[in-house]
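# Residue-level structure breakdown
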Amino acid sequence: MTKSNNPFLPNFSHIYVESGAENYLLAQQCLDRFPKSTVIKIPDYKSMFNRSGQDFQTQKKSMKMILAVKKPPFIYKGTDIIQDGGFKNFFYITPILNCLYNCDYCFLQGMYSSANMVVFVNQNDMQSAVELELDNRTYPSNPLMLSISYNTDLMAFENILPITRSWINYANTAQDLHLEVRTKSALFDSLTHLKPSKKVLLAWTLSPDKVVRENEFNTPPLDRRITAVQSAIEKGWKVRLCFDPVMVYAGWENDYINLLNQVKSSINGSKLFDITVGVFRMGKDYFERVHKSKPESLVYYQYYENKNGVMTIPQVEREGVKDLLRKNLDGFISNNRIHFWN
Amino acid sequence: MDLDWENTILINLGIAGGNANRTAIGSLYRVNKIIDEKTGRSYFPDILIHNGLNEIQLTTVKNGVSKNGNRYSGLVDMEASAIFETMSKYVPTHRLLFLKVVSDYMDVTDWKFLDVESLILKKLDVIQLIVKSHINIDLSDRYILTPGEIKFLNQGSIKLQFTETQSLQLISRAEKFKKLGKEINKLECFFTMTPRSKQERNRIFDQIKQSLST
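Residues numbered from 1 in each chain as written. Chains lettered and ligands numbered in written order. Predicted model: local features only at pLDDT ≥ 70, side-chain atom pairs only at ≥ 80, totals over all residues.

## Considerations on the overall build of chain B
The secondary structure content of chain B amounts to 6 helices and 6 strands. What you see in chain B, going N to C, is helices and strands ordered as β-β-β-β-β-α-β-α-α-α-α-α. The C-alpha atoms of chain B give a radius of gyration of 25 Å, which is well past the 17 Å a tight globule of 214 residues would have. In terms of overall dimensions, chain B has C-alpha extents of about 75 × 30 × 25 Å along its principal axes. Sequence-distant contacts, at least 24 apart, represent 72% of the contacts inside chain B between residues at least 6 apart. (Helix = DSSP H or I, 4+ residues; strand = E, 2+ residues; numbered from the N terminus. Rg over C-alpha atoms; globule rule 2.2 N^0.38 Å. Contact = placed C-beta atoms within 7 Å.)

Shown next, in the form of structure tokens:
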């Protein structure tokens, strides 16, 4: 009965296709990519994705894919929780909901009742909405910075569907549009055939090995992420490093000093676009929803303070993170290119 | 309903009419989509575990179908949507299994000639394997406190005449305390007390909170 020792079906053993989505090229590419998957037609993606009685962490063991046609809104204004990196017109889009990875500090498990991944097949509609926003942006003399990897890790998905490269190609043709592609992936190879674009910021989240191992499940190890960063810089891409979230636990200081030393010895700071630093933070509602599910992770049993509806570590610890990062990044990159969330 | 839903796998095992072109009488199917014909609603049990069965969609109808059965693309029964709708309030969608043996092609004129028992008996071995594959700790609800620890805390709450909110807070704080590697039996000394007023009860509750936060 069981094909391997793992009793769980492989990810995407089932693909749920919303009525009308099958007519899009991206849907066909996806179905071709997984020819053995069971295809189930659904009337509306929400009838599958928003069901009651789902368990996010159990579903993570065998994620399914949902192909759907996104309805408006197609573009969202950045929130206080995301770092805008100094860009005044900061927006994000959601080409995919949910992520291949399973970082235990991630807000997605509080945001969605399902761990299944929704791929919106009408990326063109999102691009039309971006064009409209470009025309009507609040600060017309500043470019529009668009995060395309906010509710997912798009680059990690690149070997499955080429959505990142499609957005990069689009950004190259749209005046005043800049992209941020935040990732933990080591799949930079999937973009190497593209001409580096000054309008695209590739942002890698780096964490000590202990955090990768204990908190960032299914993600590539630190050294592979650093290799990807090195390749991207070498090819001429704009690169941001994100130490976000810096996890605070007994002995965190040494682990992060070692991480920063490793980064400083392998990456040329003057070639980086900037660095962002943040700590664990999650909207209170999302935090409570995750906590109620009794997660295995210890992250949800620590003491946090409620800072204007956002659960985060106490002020004194936030300052400790800032001090340590600032001190250890001194001389590596100029201070004005380090952005702290606080 | 007062049952141990945390460890329950709910299986709806039964017979169903099948589309003559797509199903075979006597075959066992796992249902991956249920459509309620009356409301038009669709229901989806999560299918996370290898099972080796053919999957199919099923339509739940209000009245039995005895002709033109091929207008339904998969199976037809008279209960699955109601079972899903009711039971998904108690059991998560990954522990709801709908297993159906095709008994007819919706052309039955006299139901008493259907040998349901025999149809099911022939598939019992497979059904047992499927049940076995779902007895898996990874499919159970997660819990932090053992039933014994919850009983200990509830008895303490009764003894100290805690309000319902205080009792719930006690459980929540005890979970956090245990998760951080500490023993909740340190609360035993509080549970021997008997408050003589609400003020005293609240004072003890504050002391317990203090004790669980250190």
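Still more ground to cover, so stick around.
## Brief notes about unusual backbone geometry
Note the cis peptide between Pro-72 of chain A and Pro-73 of chain A, where omega equals 0°. Turning to its location among the elements, Pro-73 of chain A is positioned in the loop between strand E3 (65-68) and strand E4 (76-77). Going from Asp-244 of chain A to Pro-245 of chain A, the amide bond is cis rather than trans, its omega being 0°. In this structure, Pro-245 of chain A sits in strand E13 (residues 238-246). At Asn-308 of chain A, a residue that is not glycine, the phi angle is positive and equals roughly 50°. Residue position: Asn-308 of chain A is located in the loop between strand E16 (305-307) and strand E17 (310-312). Residue Gln-161 of chain B is not a glycine yet carries a positive backbone phi of 55°. Since 14 C-beta atoms lie within 10 Å of it, Gln-161 of chain B is described here as partly exposed. (Buried ≥ 20, exposed ≤ 12 C-beta atoms within 10 Å, placed from the backbone.)

## A look at the sheet that holds E4 of chain A
Residue and element names in this part refer to chain A. Sheet architecture is open: 8 strands sit in the order E4-E5-E9-E10-E11-E13-E14-E18, paired in mixed fashion. Each edge of the sheet is formed by a strand with only one pairing partner; in this case those strands are E4 and strand E18 (338-340). Two strands pair when backbone bridges link them, and strand E11 (residues 200-205) and E13 are joined in this way by 5 bridges, in the parallel orientation. Across the sheet, residue Trp-204 finds its bridge partner in E13, namely Leu-241. Helix H5 (residues 123-135) contacts strand E5 (89-92), strand E9 (144-147) and strand E10 (177-183) of the sheet and is inclined by roughly 150° relative to E9. On top of the sheet, helix H8 (residues 222-235) reaches E11 and E13; it is set at about 160° to E11, its chief contact. (Pairing = 2+ DSSP bridges. Axes fitted to C-alpha atoms, helices over the stretch in contact; angles between N-to-C directions.)

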